[in-house]
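Observations on the model geometry
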Amino acid sequence: MTISLLETNQRNKQSIWQFWLALADAADSDLAALIDGAAAGDARWFGPAPIDQMPSNAVYLRHYLLPLRRSFPNLTRHTHIFMAGESNGKADGAEDGRLWVGGTGLLTGVFEWDFLGIPATVGRVSIRWSEFFLMEDGRIAESYFLLDLVDLMQQAGVHALPQARGRDHVYPAPGGGDAVFLAPQDADATGQSMALIRAFLFDSLNSYDQKDLSSMGVADYFSKQVRWYGPGGIGACLNLREFERLHQQPWLTAFPDRKVQDLDSLFAEGNFAASSGWGAVSATHAGPYLGCPATGNEITTNGIDFWRRQDNRYVENWVFVDMIHLFRQFGVDLLAKVSL
């Protein structure tokens, strides 16, 4: 019997949802077997700097999951968006066909032990998270995940970057209803979302003439009241004018030749689209950025995005950029500032 794409996506979502539920209840001694059972052999795990790439399940457990649990006992996962789909992330439109599951939200708990050198507060914190899984036969083949470590540093009283131009600690669940898509979504809406996001990323954003913001055409895709939830160090922008003034112009001053490359994933479900990309944007660091003067270095960004569409405009955009990885390419170690 042939299984449809819709059924396969539903099974993939169920696999990841059950994996997350099992992780929440598992003892440390049971984690290795749980991860091995969810993965297709040794999965490849890609995390934020300084965690970086982990080539096996055992390294993922030892270098990330166990230290996270030690630092934040009884950590609770709150999921704001959960979706799945078939990727179409090639800039030239070539067939991709890989199947992904992605989610984002908050991890909440008490910060009891230092994490990655960030000092424990022994108080309650909320950690922004996003996580994507490449699925093969219902199992995890690759994972790309980011934690907003700069935002966590701010909660710990460590300010490694200048005061954000946008609003700090703004990362709500979507407006307009539940976005945890345990049930399948409308296929026509999904198709519209995929067409719109491809046009936005590969046509509009890559059309910047390095002079005039309007050449990028963002106003053709973002609502005037778009809510753009940026990472720690950049902050949230709560309308299009704020986005242009507080994020877009400083970003393009620093990286005028930035270009969206092939993405690891780009998929849609219902009126949402999502992407992950390690090396997703390439650029030259040609201007000052968040207190760091231009280095002339060739850089790439690791990032994750979710977009909510209303008709043919985006009304919300949840944005993760690995800021520690970005500044490392400038020769700046943001985590080193913890001890200053």
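Residues numbered from 1 in each chain as written. Predicted model: local features only at pLDDT ≥ 70, side-chain atom pairs only at ≥ 80, totals over all residues. Heavy atoms only, no water.

What about the pattern of salt bridges?
To be explicit about the condition: When a carboxyl oxygen of Asp or Glu lies within 4 Å of a side-chain nitrogen of Lys or Arg, that pair is called a salt bridge. The helix and strand labels rest on DSSP assignments: H or I over at least four residues marks a helix, E over at least two residues marks a strand, and numbering proceeds from the N terminus. With a 1.4 Å probe rolled over the protein chains alone, any residue whose accessible area is under 20% of its type maximum counts as buried; one over 50% counts as exposed, and the rest are partly exposed.
Inspection of every chain in the model, using the stated rule, returns 10 salt bridges. Of the charged contacts in the structure, one is a salt bridge between Arg77 and Glu131, with a shortest N-O distance of 3.4 Å. Of this pair, Arg77 sits in strand E3 (residues 76–86) while Glu131 sits in strand E5 (residues 124–136), placing them 54 residues apart in sequence. Taking relative accessible area as the criterion, Arg77 reaches 29% and is therefore assigned partly exposed. Owing to a relative accessible area of 7%, Glu131 belongs among the buried residues under this scheme. As a salt-bridge pair, Arg128 and Asp148 come within 3.2 Å of each other at their nearest N and O atoms. Here Asp148 lies in the loop between strand E6 (139–147) and helix H4 (149–155) and Arg128 lies in strand E5, a separation of 20 residues in the sequence. Summarising the burial analysis for this pair, Arg128 and Asp148 share the class buried. By sharing partners, the salt bridges in this structure join Arg128, Asp148 and Asp151 into a single network.

Describing the pairing of E3
We count it as follows: DSSP calls a pair of strands paired once it identifies at least 2 bridges connecting them.
Pairing between E3 and strand E4 (residues 99–110): 10 bridges, direction antiparallel. Considered in E4, the bridge of Phe82 is made with Gly103.

Notes on the nonpolar core
Convention followed: Residues belong to a common nonpolar core when they are buried Ala, Val, Leu, Ile, Met, Phe, Trp, Tyr or Cys residues joined through side-chain atoms within 4.5 Å.
Phe200, Tyr289, Met323 and Phe327 are the most contacted members of the largest nonpolar core, which has 94 residues in total. The biggest single contributor to this core is helix H5 (residues 187–204), with 7 residues. The next biggest cluster of nonpolar side chains, apart from the first, holds 25 residues, and it includes Met83, Trp100, Val170 and Phe181.

Description of unusual backbone geometry
Here Ala49 and Pro50 are connected by a cis peptide whose omega angle stands at 5 degrees. Relative to the assigned elements, Pro50 resides in the loop between strand E1 (39–46) and strand E2 (53–54). Not every positive phi belongs to a glycine, and Asn74 is a case in point at roughly 60 degrees. With respect to the helices and strands, the residue Asn74 is situated in the loop between helix H3 (57–71) and E3. In the Ramachandran plot, Leu290 falls in the positive-phi region, its phi being about 50 degrees despite a non-glycine side chain. Here Leu290 lies in the loop between strand E12 (272–284) and strand E13 (298–310). The class for Leu290 is buried, based on a relative accessible area of 11%.

Focus on the packing of aromatic side chains
Test applied: Between 30 and 60 degrees the pair is tilted, below 30 it is stacked and above 60 it is edge-to-face, where a pair is any two Phe, Tyr or Trp rings, Trp via its six-membered ring, whose centres lie within 6.5 Å.
This structure, assessed with the given rule, holds 33 aromatic pairs. Ring geometry for Trp17 versus Trp20: centroids 6.3 Å apart, planes at 55 degrees, classification tilted. Separated by 3 residues within a single helix, Trp17 and Trp20 lie in helix H1 (residues 5–25), roughly one turn from each other. Looking at Trp20, the relative accessible area reads 5%, which means it is buried. The interplanar angle of 55 degrees and the centroid separation of 5.5 Å between the aromatic rings of Phe255 and Tyr289 together place this pair among those described as tilted. In this pair, Phe255 sits in the loop between helix H6 (240–254) and strand E10 (259–260) while Tyr289 sits in the loop between E12 and E13, placing the two residues 34 residues apart along the sequence. An identical accessibility class is assigned to Phe255 and Tyr289; each is buried. A connected cluster of aromatic rings, assembled from ring pairs, spans Phe200, Tyr221, Phe222, Trp228, Phe243, Trp307 and Tyr314.

Observations concerning the environment of Asp52
The condition that has to hold: Only heavy atoms enter the contact rule, under which two residues are in contact if any of them lie within 4.5 Å. Any pair of nitrogen or oxygen atoms within 3.5 Å is treated as a polar contact; in protein, a donor-acceptor pairing is required on top of that, and neighbouring residues in sequence qualify only through side-chain atoms on both sides.
Here Asp52 shows up in the loop between E1 and E2. A relative accessible area of 27% places Asp52 in the partly exposed class. With 111 residues separating them in the primary sequence, Asp52 and Gln163 have C-alpha atoms 26 Å apart. Ignoring sequence-local partners within four residues, the contact set of Asp52 consists of Trp45, Phe46, Gly47 and Arg328. Here Arg328 takes part through its side chain, which lies 3.0 Å from a polar atom of the side chain of Asp52.

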